[in-house]
Amino acid sequence: MAVIGINWYILDFTKEYIFQELDQIDSRQCAMILGARVYDSGSISHVVRDRAESAMELYHHELADKVLISGDHGQRDYDEVNAIKNYIKLMHHIPDQDIFMDHAGFSTYESMYRGRDIFLVKDVIIVSQGFHLPRAVYIARKLGLDAIGYEAKEITPFSKETHISWHLREALARVKSFFLVATNAQPTYLGDVLPITGDGRSSWD
């Protein structure tokens, strides 16, 4: 029953902050792209591509001043953030100074915590798939960010089985995030402050 109750609470808490259309959104400091699977070749998965393309949609419509890529770069041979950066630079040619990189966004919780404490983000549009956004927005708002979510559009539709698998895993992930927020858990790394209002190249490796 606790799992059901926590999931209901998070979904109800965030429903007014999640959007699917551009005309529903007001402008924010940045669009945050949350990392996911990338490949050894440096190419990105369809999940990540959808997030990146939707974030670029926000940027090009002047709804986000900057782009913050937050993902896992904890190993030399696995790097979500540079793979996403390279994709958006190749496909969209946005100014380097508008791209910030968070190399220690090892989880959704850590991405939001570091967004607040390292990048000094005050207001943000989180870009991810619909199943993931309630958890991301919940964490962000509970950590004090003025956060909304923008649902990434599926360029290539995923299967029904994939969606079911996502939702089942997410139900447990929401419970874990609920307790991370409640205990104010510390992220794996913090570090030097790199304000989102500055030059994104200061965050590049």
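Starting from 1, residues in each chain are numbered consecutively following that chain's sequence as written. Reporting in this predicted model follows two pLDDT cut-offs: at least 70 for local features of residues, and 80 or more for side-chain atom pairs to be given and counted; totals over whole chains, interfaces and linings ignore these cut-offs and use all residues. Calculated side-chain values reflect all of the structure's heavy atoms, with hydrogen atoms and water omitted.

Visitor: How should I be thinking about helix α1 (residues 2-14) in this particular structure?
Guide: Since one α-helical turn is 3.6 residues long, residues separated by three or four positions face the same way. Only DSSP runs of H or I reaching four residues or more are called helices, and only runs of E reaching two or more are called strands; each is numbered from the N terminus. Take the number of residues in a helix, subtract one, and multiply by 1.5 Å to get its expected span. Taking 1.5 Å as the rise per residue, α1 with 13 residues should run 18 Å; its terminal C-alpha atoms sit 18 Å apart, in good agreement. Taken together, the buried positions of α1 are occupied by I6, N7, I10 and T14. For α1, the buried positions fall inside an angular range of 100° around the axis, keeping them on one side. Every exposed residue of α1 that faces more than 90 degrees away from the buried side is listed here: I4 and W8. It only takes one pair of heavy atoms within 4.5 Å for two residues to be counted as in contact. Residues of α1 that are buried make contact with β1 (18-19), α5 (133-142) and α6 (160-183). Summary of the burial criterion: residues with accessible area below 20% of their type's maximum are buried, those above 50% are exposed, and those between are partly exposed, where the area comes from a 1.4 Å probe applied to protein chains only. Taking the helix axis as origin, the arc is that swept by the directions to the C-beta atoms.

Visitor: Sorry, what's going on with unusual backbone geometry here?
Guide: Negative phi is the rule for most residues except glycine; trans is the rule for most peptide bonds. Here H93, not a glycine, exhibits a phi torsion of approximately 55°, which is positive. Mapping H93 onto the fold places it in the loop between α3 (80-92) and β4 (99-102). The backbone phi angle of N184 is positive, close to 50°, even though this residue is not glycine. Of note, N184 is situated in the segment after α6. Judged by relative accessible area, which is 39%, N184 ranks as partly exposed.

Visitor: Would you mind going over the side chain of H103 with me for this structure?
Guide: By secondary structure assignment, the location of H103 is in the loop between β4 and α4 (108-117). According to the relative accessible area criterion, H103 is buried, its value standing at 19%.

Visitor: Explain the environment of V81 to me, please; I cannot follow it from the model alone.
Guide: In this fold, V81 is placed in helix α3. Between the C-alpha atom of V81 and that of D123, which follows or precedes it by 42 residues, the distance is 21 Å. Dropping the residues within four chain positions of it, V81 is found in contact with I69, S70, G71, H73, M101, D102 and H103.

Visitor: Got a minute to help me understand the packing of aromatic side chains in this structure?
Guide: Aromatic ring pairs are described here by two measures, namely the spacing of the ring centres and the angle between the planes. Think of it this way: a Phe, Tyr or Trp ring, Trp meaning its six-membered ring, pairs with another when their centres are within 6.5 Å, and the plane angle makes it stacked under 30 degrees, edge-to-face over 60, tilted otherwise. Evaluation of the coordinates by the stated rule reveals eleven aromatic pairs. With centroids separated by 5.5 Å and ring planes inclined at 80°, the aromatic side chains of F13 and Y138 adopt a geometry described as edge-to-face. Of the two residues, F13 is situated in helix α1 and Y138 in helix α5; the sequence distance between them amounts to 125 residues. For Y138, a relative accessible area of 3% translates into the label buried. Centroid distance F100 to F119: 6.2 Å. Interplanar angle 90°. Geometry classified as edge-to-face.

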